[in-house]
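What follows is the residue order along each chain.
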Amino acid sequence: MLKKFTDGLIFGAGFAISCMVLLFLFGSLIFPMFVSKHIDYPTDIEQSNVEAHSQPSIPFHELGLEDQIKQSSVIALAKFEPAPDGKMKAILKEFLKKEPGVTLYYNIGDEHASSSYYPKENRSHGDGLVIFFTGSPANMKLAMSYSGDRIHGLGDLPIELLRKKCGEPNAK
């Protein structure tokens, strides 16, 4: 008697789950086909909005260096400095570029916490970072490490040449 009851319970649960799956598939795949035919979408969209959304934007990290500099509102140079707890803090040392009127929540000497790290064995993060910010308030878009005076992510470009390209040497 108990065996028949558990078999019936298992069968009923399986049947209920099957029905729910079929209802979900019908609701998510078939039902929208019938509904979408009867929806009137607005046709008075401005041409400029259509053009703006139809052109795919190139991700910041895929732009050339000149375009990255042009689109950046702030470009900062940070140096890794050891903290007492063993953490390597990314301390902002210099702004290679800072457009007037840009809101930036960092000053020279501040830690850029999202770039700080705890060292791991057999892994080097270099001596510091070049950090590209866009917009106002400025948001970080890209960071590249440097060692000595060479920026690895830019084909070992000298920092001094990046300063010249930014057009504001030693701006602080």
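Rules of the game
Residues numbered from 1 in each chain as written. Predicted model: local features only at pLDDT ≥ 70, side-chain atom pairs only at ≥ 80, totals over all residues. Heavy atoms only, no water. Helix = DSSP H or I, 4+ residues; strand = E, 2+ residues; numbered from the N terminus. Buried < 20%, exposed > 50% of the residue type's maximum accessible area, 1.4 Å probe, protein only. Contact = heavy atoms within 4.5 Å. Areas by Shrake-Rupley, 256 points an atom, 1.4 Å probe, with all protein chains shown as cover. Core = buried A, V, L, I, M, F, W, Y, C linked by side-chain atoms within 4.5 Å. pLDDT = per-residue confidence, 0-100. Pairing = 2+ DSSP bridges. Polar contact = N/O pair within 3.5 Å; in protein donor to acceptor, adjacent residues only side chain to side chain.

A. Quick peek at the overall build of the protein chain. Of the regular secondary structure elements, the protein chain holds 4 helices and 6 strands. Looking at the protein chain as a whole, 28% of its 172 residues are labelled buried. Partitioning the intrachain contacts of the protein chain with sequence separation of at least 6 by distance along the chain shows that 49% fall at a separation of at least 24. Of the roughly 12100 Å² of accessible surface on the protein chain, a fraction of 59% belongs to carbon and sulfur atoms.

B. Molecular detail of the nonpolar core. Leu65, Ile69, Ile75, Val130, Phe132, Ile151 and Leu162 are the most contacted members of the largest nonpolar core, which has 18 residues in total. When contributions to this core are tallied by element, the ones reaching two or more residues are helix H3 (65-71), strand S1 (74-82), strand S3 (128-134), strand S4 (139-147) and helix H4 (159-166). Discounting residues that sit within four places of it in the chain, Leu162 has contacts with Leu65, Ile69, Leu96, Val130, Ile151 and Leu157. The next biggest cluster of nonpolar side chains, apart from the first, holds 15 residues, and it includes Ala78, Ala90, Phe95 and Ile131.

C. Expanded view of the confidence of the model for the protein chain. For the protein chain, per-residue confidence averages 82 on the pLDDT scale, and residues scoring 70 or more make up 80% of the total. Per-element averaging of pLDDT across the protein chain places helix H2 (residues 47-54) at the bottom with 47 and S1 at the top with 95. A low-confidence stretch, residues 44-54 (pLDDT under 50), is modelled with 1 contact involving residues beyond four sequence positions or located in other chains. The low-confidence segment residues 168-172, where pLDDT is below 50, has 9 contacts with residues more than four positions distant or belonging to other chains.

D. Representation of the sheet that holds S4. In space, the 6 strands of this open sheet follow the order S2-S1-S3-S4-S5-S6, with antiparallel pairing throughout. Bordering the open sheet on either side are strand S2 (88-98) and strand S6 (157-158), each of which pairs with just one other strand. Alignment of strand S5 (residues 150-151) against S6, held across 2 bridges, turns out to be antiparallel. The residue of S6 that forms the bridge with Arg150 is Pro158.

E. Expanded view of the environment of Tyr105. By the element assignment, Tyr105 lies in the loop between S2 and S3. Taking the relative accessible area as the measure of exposure, Tyr105 reaches 63% and is therefore exposed. As a C-alpha pair, Tyr105 and Asn139 span 34 residues in sequence and 9.4 Å in three-dimensional space. Excluding anything up to four places from it in sequence, Tyr105 contacts Asp110 and Pro137.

F. Just the side chain of His112, in detail. Here His112 shows up in the loop between S2 and S3. Judged by relative accessible area, which is 1%, His112 ranks as buried. Among the polar contacts listed, one links the side chain of His112 to the side chain of Ser115, at a separation of 2.7 Å. Ignoring anything within four residues of it in the chain, the contact list for His112 reads Ala90, Leu92, Tyr106, Ile131, Phe133 and Met140.

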